[in-house]
Each structure stands twice: as C-alpha cells, then as structure tokens.
Amino acid sequence: MSSPSAAAAIDHHFDPTTSTGIPNKKLIMWLFLASDCMFFGCLISTHLIYRLHPPPGTPAARDVFSIELTSFSTFILLMSSLMMALAVNAIQKGNLKSLRASLLTTIFFGCIFLGCQVFEFNNFVYEKHLTITNSILGTTFFTLTGTHGTHVAIGVFWLLLMYVRTFQPKDTTGNRMWFLRNVLHILAFIVTILLGMNVVIGAARALIAGGLAIPTLVTFTHGYFLRLAGLAIGIGALIRFARASHPVAFDERNAIDVEMMGLYWHFVDIVWIVIFTVVYLLEYI
C-alpha cells in the first residue's frame, strides 16, 4: 500500500498532459455516455409513444408487471452505486483492501439485479405470455429493459476484470504464472456467478411453488445437488485466489480507471431510475 504522501501527490481530477486538463480516458467515457443517452432516449420515447396510444389487443401492463420485485431490484441497483462510489474513494486513498471489498459488493448487487431481471422475463414469457413478438408492449418493453440489462451485464464483467486486475503482481518477471492465474480467477468468477444465479432462481421458484417446507427444501437440494456442489467449489476457489500475498502493481495511480468504471456504473443506474419511473411507476398513477 502506498504512503499517504504519495497518494496526496496524485491529482485525480486534473491532468496537465492534456489541453483540457481532464484525462483523455475520462473524456472518451463522457463521449460514450453522451451517445448512450441519445440511444436510451430513443428507446424510452418509443415505449412511451406506444403506451400513450396503444394499438388494439395490447395487454394491460398492470396485469403483467410485478412492482414489488422491480422495486426490490431498483433498490439493489441504487445500493450498488453507493458501493461503486466507495470503491472510487478507496482507490484514491490507496486503500486496496477496501477497494476490493467495494468492488465485490458492487458485483454481488449487480448479479442480484440481473437475477431479478431473468426471473421477471421468464415469468412474463411463460406465465403472462408476453413476448417480444406477440404485442407492441412486449416489443418495446423487452427491447428497452433487455438493452439496459445488457449494459449491467457488461458492467459486472468490467468490475470483475477490475477486481482481478488488482491482484496483478508488481514483478511479473518473477511470477510467470500470473497471467494463467488471472485467467483461472476470471473463469472461477464467471462459473460461480452463473451457478449462483441458477441456484437462487431455482430456489425462488421452488419456494413459490411449494412454500417454505422441509419437503420442498429436500426436493430442491436433491435436484440441484451438483450445482450446489459446483457453487461451493467456485466460492472456495475465489477465496483461495483472494489470498495473494505478493506486492501488486495496482495502486492510487490507477484511480482514473476505477473512476471511469464508476462513471459507467452510475450512468447505468440513472438510466434504470428513468426506466423504472416511465415504464413501471407511470402504469400505477
């Protein structure tokens, strides 16, 4: 960990090597987010236009949506923004341990949001019979929320890469296996996340169908035994990878990279607040 004096010597908001004084990486991210604003603006406007003038046969949104589940996932995503802000603050102070904890929590919250969206989409298609092709509501809804979900998934993967990057050794010549270790770390993350989402969604469906009872839990455990075992192995592997003791190259000089990630993640959260308001809440006013 770097000394406080070294951290204080780094200005995280001004880059004298550029004509604007703003880091080029941050300028590029702002340009990308500006273009994404226009993209999401078109998708949201299209949905609103068709909701204000629905064609005959369009199902009532209130009969399809689950405001309770969506409110929960919205709260989770907002909390992830808080953790992302804490991650940026931690790296600016050179606190690597706090950075890793905040990144892991942000990844966890992002996965919960994605799991809720997968559960919701599955319920809409198989229970409410709303698809992207059978009504204009399904077309605009799945296109808009699916695009946002893709942005969240990309953000989770970016966070994952950022977390693994914090373990890169300072001396790569003396640790020739670091690249393979990082690849295995990433694979362990992906497998654990996918198994975890599958297990949690399966557990939720089992509880909804059979209630909180011992026979339900026994049936679920029996049916998901291999996936539960794989999840336990994946979590164990992640704990093992997190015990690296060698000096790392990631410090407060990499704050700009975490700040860029924070800009993207906060943007995704703000977009969801707009989507939650105009797609879900307006249906209940």
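Residue numbering note: each chain is counted from 1, following its sequence as written. Local features in this predicted model are restricted to residues whose pLDDT is 70 or higher, and side-chain atom pairs enter the listing and the counts only when it is 80 or higher, whereas totals over whole chains, interfaces and linings include all residues. Only heavy atoms go into the side-chain values, all of them from the structure, while hydrogens and water stay out.

### Thoughts on the overall build of the chain
Helix and strand assignments come from DSSP, with helices taken as H or I runs of at least 4 residues and strands as E runs of at least 2, each series counted from the N terminus. Of the regular secondary structure elements, the chain holds nine helices and zero strands. Starting at the N terminus and ending at the C terminus, the chain contains elements arranged as α-α-α-α-α-α-α-α-α. Overall, the chain is about 65 × 55 × 25 Å in size when its C-alpha atoms are taken along their principal axes. Classification of the 285 residues of the chain by burial places 44% in the buried group. When the accessible surface of the chain is summed, it comes to about 15,200 Å², and 71% of that surface belongs to carbon and sulfur atoms. For this count, His and the chain ends are skipped, Lys and Arg are scored as positive, and Asp and Glu as negative. The atom standing in for a charge is NZ when the residue is Lys, CZ when it is Arg, CG when it is Asp and CD when it is Glu. Here the chain contributes 17 positive and 14 negative side-chain charges, whose respective centroids are spaced 10 Å apart. A 1.4 Å probe rolled over the protein chains alone gives each residue an accessible area, and that area as a share of the maximum for its type sets the label: buried under 20%, exposed over 50%, partly exposed in between. All accessible-area figures derive from a Shrake-Rupley calculation using a 1.4 Å probe, and residue coverage is judged against the displayed protein chains alone.

### Details of the pattern of salt bridges
Whenever Lys or Arg places a side-chain nitrogen within 4 Å of a carboxyl oxygen from Asp or Glu, that contact is recorded as a salt bridge. All chains considered together, the criterion is met by five salt bridges. Measuring nitrogen to oxygen at the nearest pair gives 2.8 Å for the salt bridge that ties Lys26 to Glu259. Of the two residues, Lys26 sits in helix 2 (residues 24–52) while Glu259 sits in helix 9 (residues 255–280), which places them 233 residues apart along the sequence. Per residue, the accessibility class of Lys26 equals that of Glu259, and both read buried.

### Things to note about the packing of helix 4 (residues 96–126) against helix 5 (residues 136–165)
Note on geometry: axes are lines fitted to C-alpha atoms, helical ones only across the stretch in contact, with angles between N-to-C directions running from 0 to 180 degrees. The interhelical angle for the contact between helix 4 and helix 5, taken along N-to-C directions, is 155 degrees, at an axis separation of 9 Å. By the angle between their axes, helix 4 is roughly antiparallel relative to helix 5. Handedness of the crossing formed by helix 4 with helix 5: left-handed. Ten residues, namely Ala, Val, Leu, Ile, Met, Phe, Trp, Tyr, Cys and Pro, are considered nonpolar, four, namely Asp, Glu, Lys and Arg, are considered charged, and the remaining ones, Gly among them, are considered polar. Tallied by class, the residues present in the contact of helix 4 with helix 5 amount to 18 nonpolar, seven polar and two charged. Put simply, angles under 35 degrees are roughly parallel, angles over 145 are roughly antiparallel, angles from 65 to 115 are roughly perpendicular, and the rest are oblique. We call a crossing left-handed when the near helix sits turned anticlockwise from the far one by less than a right angle, and right-handed when that turn is clockwise.

### A closer look at the side chain of Glu283
Tracing the chain through its elements places Glu283 in the segment after helix 9. By relative accessible area, which is 17% here, Glu283 ends up buried. When residues no more than four places from it in sequence are discounted, the contact partners of Glu283 are Arg51, Ala61, Arg62 and Phe65. Only heavy atoms enter the contact rule, under which two residues are in contact if any of them lie within 4.5 Å.

### As for the packing of aromatic side chains
Only centres within 6.5 Å qualify two rings of Phe, Tyr or Trp (six-membered ring in Trp) as a pair; their planes then separate them into stacked at under 30 degrees, edge-to-face at over 60, and tilted for everything else. Applying the stated criterion to the full structure yields 20 aromatic pairs. An aromatic cluster of at least three residues, connected via ring pairs, comprises Phe65, Phe113, Phe121, Phe124, Phe141, Phe142, Trp272, Phe276 and Tyr280. For a lysine, the NZ atom is tested; for an arginine, the CZ atom; a charge sits over a ring if that atom is within 6 Å of the ring centre and within 35 degrees of the ring normal. For Arg100, the ring lying beneath its charged end belongs to Phe167, and the centroid distance is 3.8 Å. One Lys or Arg, Arg227, reaches over the ring of Tyr224 and ends 3.9 Å from the middle of that ring.

### Some details on the nonpolar core
The criterion is simple. A nonpolar core is a set of buried Ala, Val, Leu, Ile, Met, Phe, Trp, Tyr and Cys residues joined through side-chain atoms within 4.5 Å. Met84 and Leu99 are the most contacted members of the largest nonpolar core, which totals 62 residues. For this core, the secondary-structure elements that each account for two or more residues are helix 2, helix 3 (67–92), helix 4, helix 5, helix 6 (178–210), helix 8 (225–241) and helix 9. A total of 16 residues in this core trace back to one element, the largest contributor, which is helix 9. In contact with Leu99, other than residues within four places in its own chain, are Ala87, Ala90, Ile91, Thr166, Phe250 and Val258.

### Thoughts on helix 6
For helix 6, which comprises 33 residues, the first-to-last C-alpha distance of 47 Å matches the rise-based estimate of 48 Å (1.5 Å per residue) to within 8%. Where helix 6 terminates, the next one or two residues include Gly211, which has phi positive at roughly 75 degrees. Under the convention used throughout, the expected extent of a helix is 1.5 Å for every residue step, that is, one less than its residue count.

### What to know about the packing of helix 7 (residues 214–223) against helix 8
Between helix 7 and helix 8, the least distance of the axes is 4 Å, while the angle of their chain directions is 70 degrees. In terms of orientation, helix 7 lies roughly perpendicular with respect to helix 8. Of the residues in helix 8, those in contact with Thr221, His222 and Gly223 of helix 7 are Phe225, Arg227 and Leu228. Of the residues assigned to the contact of helix 7 with helix 8, the class counts are two nonpolar, three polar and one charged.

### Some words on the environment of Ala232
Along the chain, Ala232 falls in helix 8. Spatially, the C-alpha atoms of Ala232 and Leu195 are 9.6 Å apart, while their sequence positions differ by 37 residues.

### Digging into unusual backbone geometry
In this structure, His129 takes a positive phi of about 55 degrees despite not being glycine. Mapped onto the secondary structure, His129 falls in the loop between helix 4 and helix 5. By relative accessible area, His129 is classed as exposed at 57%.

### Some details on the confidence of the model for the chain
Residue-level confidence of the predictor, termed pLDDT, takes values from 0 up to 100. In the predicted model, the chain carries a mean pLDDT of 87, and 93% of its residues have values of at least 70. Contacts of residues 1–8 to residues separated by more than four positions or lying in other chains number ten contacts, the stretch itself having pLDDT below 50.

### Considering the side chain of Arg51
Relative to the helices and strands, Arg51 resides in helix 2. Here a polar contact means two N or O atoms within 3.5 Å. Within protein one must be a hydrogen donor candidate and the other an acceptor candidate, and residues neighboring in sequence count only if both atoms are side-chain atoms. A polar contact is formed between the side chain of Arg51 and the side chain of Glu283, at a distance of 2.9 Å.

### A word on a nonpolar patch on the surface
Judged by side-chain polarity, Phe157, Leu161, Met177, Phe179, Leu180, Val183, Leu184, Leu187, Ile190 and Leu194 come together as a nonpolar surface patch covering roughly 890 Å² of accessible area. At the level of elements, helix 5 and helix 6 are the ones that each hand at least two residues to the nonpolar patch. Broken down by element, the residue count for the nonpolar patch peaks at seven residues, all from helix 6. Assignment of secondary structure puts Leu180 in helix 6. Classification of Leu180 by relative accessible area gives partly exposed; the value is 42%. Each patch groups residues whose relative accessible area exceeds 30% and which form no salt bridge, using 9 Å between like charges and 5 Å between nonpolar side chains of Val, Leu, Ile, Met, Phe, Trp and Tyr.

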